[in-house]
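Architecture at a glance
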Amino acid sequence: MRILPPVSVEARRLLPSVWDLLAAVLVLGFIVLFASASQAVIQPLASLTQQPISLDPSALPGYALRTGLRMLVALGFSLIFTFTYATWAAKSRRAGTLLVPLLDILQSIPILGFLSVTLVFFLSLAPGRILGAEFAAIFLIFTSQAWNMAFSFYQSLRTVPTELSEAGRVFGLNGWARFWRIEVPFGMPQLIWNMMMSMSGAWFMLVVSEAFTVGNTSITLPGIGSYIAAAIAARSLRAIMWAILAMLVVILIFDQLLFRPLVAWADRFRIDADTNDNDEAAESWALKMFRRSKLMDAIGLPFDALMHWTYRLTPPEQGSSATRPSLVPPWFANAVWYACLSLLVAYVLWRVANFAAIPLGSGEILDVFLRGFATLARVIVLIALASLIWTPIGIHVGLRPHLTKIVQPVAQFLAAFPANLLFPIAVSLIAMWRLNSNIWLSPLMVLGTQWYILFNVIAGASALPHELRDASDNFQIKGWLWWRKVALPAVFPFYVTGAITASGGSWNAAIVAEIVEWGHTTLRAYGLGSYIQDATTAGDFRKIVLGIAVMSFFVVVVNRLFWRPLYWYAERKFRLG
């Protein structure tokens, strides 16, 4: 005889739970906030000058909303770029020969360089409307996020353990299913840490992204970045303190609703045979809400069904590519590919030469290269110091999950701290003690980029298999031997990824670190960053192109001669599996 549950129990199952109500509030709140912010972007562009940025703290919530939505949209585009560009570069040997060096160049181009050549294009997408300026701002934030994420995911795809790839083939998964069920989960822990770092990098460049001037065109979009720019121009320490508070609130919101749930969710993808009872599992109330809410299940059900349907679109691959006959000889395909690359490079060089064909003079070109060497010296010294400091700290934190939960939001806030907020201190100290600007402005370059090293090392240490830890304990490997044989080799591929991105980011940060303004006081350091910023302010596009070309040359040469060989060494020698 079947015993039916009481009617009250069945009714209770149909009633929304506390998690459903909380999820509904968050979803509806996001829709309302997004709709209210969207209404402003269709306003005429001239309204920006009619309503200048107010330093009244009551305006900060609205500014914070606009800034947060720009960053969220840019993060979405950065994820799309990462999953397509990095995958193509990692999967295709021919494409990788072009895409990886191109990524080196893209991350070396200062954000003002992208702005100067794309502003007219984005404004033309919505003529006379704020929407065009919003497109430009989102694109600038995208350029602060995408390169780091792409490098991280590329490194993960290149170091997927052989056992996982073989398991996918054994279970008959096609390429699309292996990508989403094996490769993406394997790279997800490191990618999430780099997403947090990329978001912090966007905060670091926020002032340039929301308040920019190219020649005679000046645009100031409502946001925390433009609020900071107005506070610096007015020399208002009170307004800067309010901006720091608003930044902290927005960062905490992102941490609680986005990054902490992602970190806790990605913990399931660690390649451990078992878990250690001494480790504390990452927790998140938001992740618990997403898992227990029927509303979230209903929202995600169509997407989940679509993904499972795509896994069955093509039959499993039969045999390896080596056993299938090729219709085109490999030597012919390589010849065509490299011929196309040569033609493309020749065309680009011809266009750049025609554009920059002005009587600059050999003296100015030599000066630009000398500026490049000055910036290069700063980058080398700062990255070396940051590596010595943050690598051991990152290993120590990554091996202790309880410390990771504490350090994550703190490091995220410190990484997001814009260098512009330190301008009052930097200008006052340098002027008071009559210090050399070429030396003492340099730390501002690494202020935001040093965290790439820390975040990547933490990700590498947290992914260290328990078997390796147990083996080192059983053999009583301690002290410097443990660092040399276990810790440093385990995190080395992750460190190289972070160091490459930190190096490229430091070049980019030179545009805000080599020229410091506080009110009417301006300090300059001799380097490429100050050269490009002066050229951008003057609207001299040929000098902008010259400065960007020289900066890209330095970054690519350093990456080709030093970072890439180091990366390949780490990939060959320290790959798991």
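Note that this is a predicted model, so its numbers are computed, not measured.

Helix and strand content of the protein: 25 helices and four strands. Evaluated residue by residue, the protein yields a buried proportion of 48% over its 577 residues. Taking as baseline every contact in the protein between residues at least 6 positions apart, the subset at least 24 positions apart corresponds to 82%. When the accessible surface of the protein is totalled, it reaches about 28800 Å², and 69% of it is carbon and sulfur.

What follows deals with the packing of aromatic side chains. A complete count under the given rule lists 27 aromatic pairs for this structure. Ring geometry for phenylalanine 492 versus tyrosine 569: centroids 6.4 Å apart, planes at 85 degrees, classification edge-to-face. Highlighted residues: phenylalanine 492 in helix H23 (residues 479-513) and tyrosine 569 in helix H25 (residues 541-573), separated in sequence by 77 residues. Exposure remark for tyrosine 569: the relative accessible area of 35% places this residue in the partly exposed category. Chaining the aromatic ring pairs together yields one cluster made of Phe81, Tyr85, Phe121, Phe122, Phe139, Phe142 and Trp147.

Taken together, the side chains of Ile365, Leu366, Phe369, Leu370, Phe373, Tyr526, Phe553, Val557, Leu561 and Phe562 define a hydrophobic patch exposed on the protein surface, amounting to about 940 Å² of accessible area. Elements supplying a minimum of two residues to the nonpolar patch: helix H16 (362-398) and H25. Sorting elements by how many residues they give to the nonpolar patch places H16 first, with five residues. Tracing the sequence through the fold places phenylalanine 369 in helix H16. You can call phenylalanine 369 partly exposed: its relative accessible area is 30%.

Pairs may arise between side chains of opposite charge once their charged atoms sit close together. Scanning the model with the defined rule gives eleven salt bridges in all. The salt bridge involving arginine 70 is made with glutamate 134; its shortest N-O contact spans 2.7 Å. Of this pair, arginine 70 sits in helix H4 (residues 60-91) while glutamate 134 sits in helix H7 (residues 130-158); the two residues are 64 residues apart in sequence, bridging distant segments of the chain. Relative accessible area serves as the criterion here: at 5%, glutamate 134 is assigned to the buried category. A salt bridge links arginine 260 to aspartate 255, with the shortest nitrogen-to-oxygen separation between them at 3.4 Å.

In terms of nonpolar packing, the biggest core is built from 144 residues, with Trp203 and Ile224 touching the most fellow members. Residues lining this core come from more than one domain, with at least three contributed by each of domain 1 (17-273) and domain 2 (330-577).

Let us look at the environment of alanine 233. By secondary structure assignment, the location of alanine 233 is in helix H11 (residues 224-234). In the structure, alanine 233 is positioned 288 residues away from threonine 521 in sequence and 10.0 Å away in space, judged by C-alpha atoms.

Relative to the assigned elements, serine 209 resides in helix H10 (residues 206-210). Classification of serine 209 as buried rests on a relative accessible area of 1%. With residues up to four places along the chain from it excluded, the contact list for serine 209 reads Ile111, Ala137, Leu140 and Ile141.

Turning to the packing of helix H8 (residues 162-170) against helix H9 (residues 175-204), a few remarks are in order. For any two helices packed against each other, the geometry is given by the interaxial angle and the distance between the axes. In contact at an axis separation of 10 Å, H8 and H9 are set at 165 degrees when each is read in the N-to-C sense. Comparing their axes, H9 and H8 come out roughly antiparallel. For the element pair H8 and H9, the recorded crossing hand is right-handed. Contact residues: H8 offers Leu164, Ser165, Gly168 and Arg169, while H9 offers Arg178, Ile182 and Phe186.

Contact geometry for H4 and H11: axes closest at 8 Å, N-to-C directions at 130 degrees. When the axis of H4 is compared with that of H11, the two are oblique. Listed contacts from H11 to Leu60, Tyr63, Ala64 and Thr67 of H4 are Ile224, Gly225 and Tyr227. Considered class by class, the residues forming the contact of H4 with H11 number five nonpolar, two polar and no charged.

Looking now at the side chain of arginine 371. Structurally, arginine 371 is set in helix H16. Arginine 371 sits in the buried class, given a relative accessible area of 16%. Separated by 3.2 Å, the side chains of arginine 371 and serine 530 make a polar contact. Residue contacts for arginine 371: discarding those within four places in its chain leaves Tyr526, Gly527, Leu528, Ser530 and Tyr531.

Secondary-structure assignment places isoleucine 515 in strand S3 (residues 515-518). Isoleucine 515 sits in the buried class, given a relative accessible area of 5%. For the pair isoleucine 515 and glycine 529, spaced 14 residues apart in the sequence, the C-alpha separation amounts to 7.7 Å.

On to the confidence of the model for the protein, then. Across the protein, the average pLDDT comes to 81, with 86% of residues at 70 or higher. Of all secondary-structure elements in the protein, the lowest mean pLDDT belongs to helix H1 (residues 7-14), at 51, while H4 reaches the highest, 93. Here residues 273-278 is a poorly scored stretch, pLDDT under 50, and it has four contacts once near neighbours within four places are set aside; other chains count. Across residues 316-323, confidence stays below pLDDT 50; counting only partners more than four residues off in sequence or on other chains, it has six contacts.

So, about helix H22 (residues 466-474). Turning to H22, its buried residues number three or more, namely His466, Arg469 and Ser472. An end-on view of H22 places all buried positions within 125 degrees of arc, on one side of the element. In the core, the buried residues of H22 are packed alongside helix H21 (450-462) and H23. Backbone geometry just after H22 places glutamine 476 at a positive phi near 55 degrees.

Counting through the fold element by element, proline 443 comes out in helix H20 (residues 443-446). Considering only alpha carbons, one finds proline 443 and valine 379, 64 residues apart in sequence, at a separation of 9.6 Å.

A positive phi angle is found at arginine 434, which is not glycine, with a value near 55 degrees. Along the chain, arginine 434 turns up in the loop between helix H18 (423-433) and helix H19 (437-440). Its relative accessible area of 76% is what places arginine 434 among the exposed residues. Its identity as a non-glycine residue notwithstanding, glutamine 476 has a phi of 55 degrees, on the positive side. According to the relative accessible area criterion, glutamine 476 is exposed, its value standing at 64%.

Scoring rules and cut-offs
- Residues numbered from 1 in each chain as written.
- Predicted model: local features only at pLDDT ≥ 70, side-chain atom pairs only at ≥ 80, totals over all residues.
- Heavy atoms only, no water.
- Helix = DSSP H or I, 4+ residues; strand = E, 2+ residues; numbered from the N terminus.
- Buried < 20%, exposed > 50% of the residue type's maximum accessible area, 1.4 Å probe, protein only.
- Contact = heavy atoms within 4.5 Å.
- Areas by Shrake-Rupley, 256 points an atom, 1.4 Å probe, with all protein chains shown as cover.
- Phe/Tyr/Trp six-rings, centres within 6.5 Å; stacked < 30°, edge-to-face > 60°.
- Patch = residues over 30% accessible without salt bridge, like charges linked within 9 Å, V, L, I, M, F, W, Y side chains within 5 Å.
- Salt bridge = Lys/Arg side-chain N within 4 Å of Asp/Glu carboxyl O.
- Core = buried A, V, L, I, M, F, W, Y, C linked by side-chain atoms within 4.5 Å.
- Domains from an automatic or database assignment.
- Axes fitted to C-alpha atoms, helices over the stretch in contact; angles between N-to-C directions.
- Parallel < 35°, antiparallel > 145°, perpendicular 65-115°, else oblique.
- Left-handed = near helix turned anticlockwise from the far one by under 90°.
- Nonpolar A, V, L, I, M, F, W, Y, C, P; charged D, E, K, R; others polar.
- Polar contact = N/O pair within 3.5 Å; in protein donor to acceptor, adjacent residues only side chain to side chain.
- pLDDT = per-residue confidence, 0-100.
- Arc of directions from axis to C-beta.

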